[in-house]
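Residue-level structural notes
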Amino acid sequence: MRNIRVQTESIQLSIYCNIICQTLQRHEKLSICKTVTFSYLIKQNRFLGGTIYTARNTQDIIYKGISLLAGDFDGFCKSVPYILKALHLLMSRGIVDSKNDILYLTTKQLKLDSTNNV
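So, a few notes on the structure that sits alongside this text. Each chain carries its own residue numbering, running from 1 in the direction its sequence is written. Reporting of local features is limited, given that this is a predicted model, to residues whose pLDDT is at least 70; pairs of side-chain atoms are given and counted only at 80 or more, and all residues count toward the totals for whole chains, interfaces and linings. Think of the side-chain values as coming from all heavy atoms in the structure, minus any hydrogens and water.

**Quick notes on the overall build of the protein chain**
Under the DSSP-based scheme used, a helix requires at least four consecutive residues in state H or I and a strand at least two consecutive residues in state E, with every element numbered from the N terminus. Each helix and strand in the protein chain was counted, giving five helices and three strands. What you see in the protein chain, going N to C, is helices and strands ordered as α-β-α-α-α-β-β-α. The buried share of the protein chain, taken over its 118 residues, is 31%. The contact rule is simple, with two residues in contact once any of their heavy atoms fall within 4.5 Å. Long-range pairs, those at least 24 residues apart, make up 67% of the contacts in the protein chain with a sequence separation of at least 6. Relative accessible area decides the class of each residue, using a 1.4 Å probe on protein chains only: under 20% of the type maximum gives buried, over 50% gives exposed, and in between gives partly exposed.

Written as structure tokens, this is what we have:
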């Protein structure tokens, strides 16, 4: 049973590390709060289907994101530890760094090799 939990956590961390790196590769700098929030929303969109923003939306993407979080706040709360562990892992490996609570990629090779899937 413990082995399954370790494998599940490894998969979660891998997914969030990928999402964080791709998001930072595309946007260059994001606050920690935005990174945590949008990492969860991107993962939900990627694995549960649907879109966060379409041309038919009249609301700002921030309001749409808050609305999606309000509908699944428990899921968000359960995912925050995984997202923070992924951030810690990326920072301890020197892939991501922060200055004044703003995250950015530090690995130039990752910047060059990343795909724009986000």
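**With respect to the packing of aromatic side chains**
A pair of aromatic rings is counted whenever rings of Phe, Tyr or Trp (Trp by its six-membered ring) have centres within 6.5 Å, and the orientation is called stacked for planes under 30 degrees apart, edge-to-face for over 60 and tilted otherwise. For the coordinates displayed, the defined rule picks out two aromatic pairs. Judged by centre distance (5.4 Å) and plane angle (75 degrees), the rings of Tyr-40 and Phe-76 are edge-to-face. In this pair, Tyr-40 sits in helix H2 (residues 32–48) while Phe-76 sits in helix H4 (residues 73–92), placing the two residues 36 residues apart along the sequence. Each of the two residues, Tyr-40 as well as Phe-76, counts as buried. Ring geometry for Phe-73 and Phe-76: centres 6.3 Å apart, planes at 40 degrees, overall tilted. Here Phe-73 pairs with Phe-76, and both are found in helix H4, just three residues apart, close to one helical turn. Taking the relative accessible area as the measure of exposure, Phe-73 reaches 49% and is therefore partly exposed. The buried category is assigned to Phe-76, whose relative accessible area is 12%. Aromatic rings pair up to connect Tyr-40, Phe-73 and Phe-76 into one cluster.

**Thoughts on unusual backbone geometry**
You will see that Glu-28, though not glycine, has its phi angle at about 65 degrees, which is positive. The phi torsion at Asn-100 lies on the positive side, around 55 degrees, for a residue other than glycine. Along the polypeptide, Asn-100 turns up in the loop between strand E2 (96–99) and strand E3 (102–105). Judged by its relative accessible area of 70%, Asn-100 falls in the exposed class.

**Some words on the environment of Gln-12**
Mapped onto the elements of the fold, Gln-12 is located in helix H1 (residues 2–27). Note: C-alpha distance between Gln-12 and Tyr-82 (70 residues apart in sequence) is 6.6 Å. Other than its neighbours up to four places away in sequence, Gln-12 contacts Lys-43 and Tyr-82.

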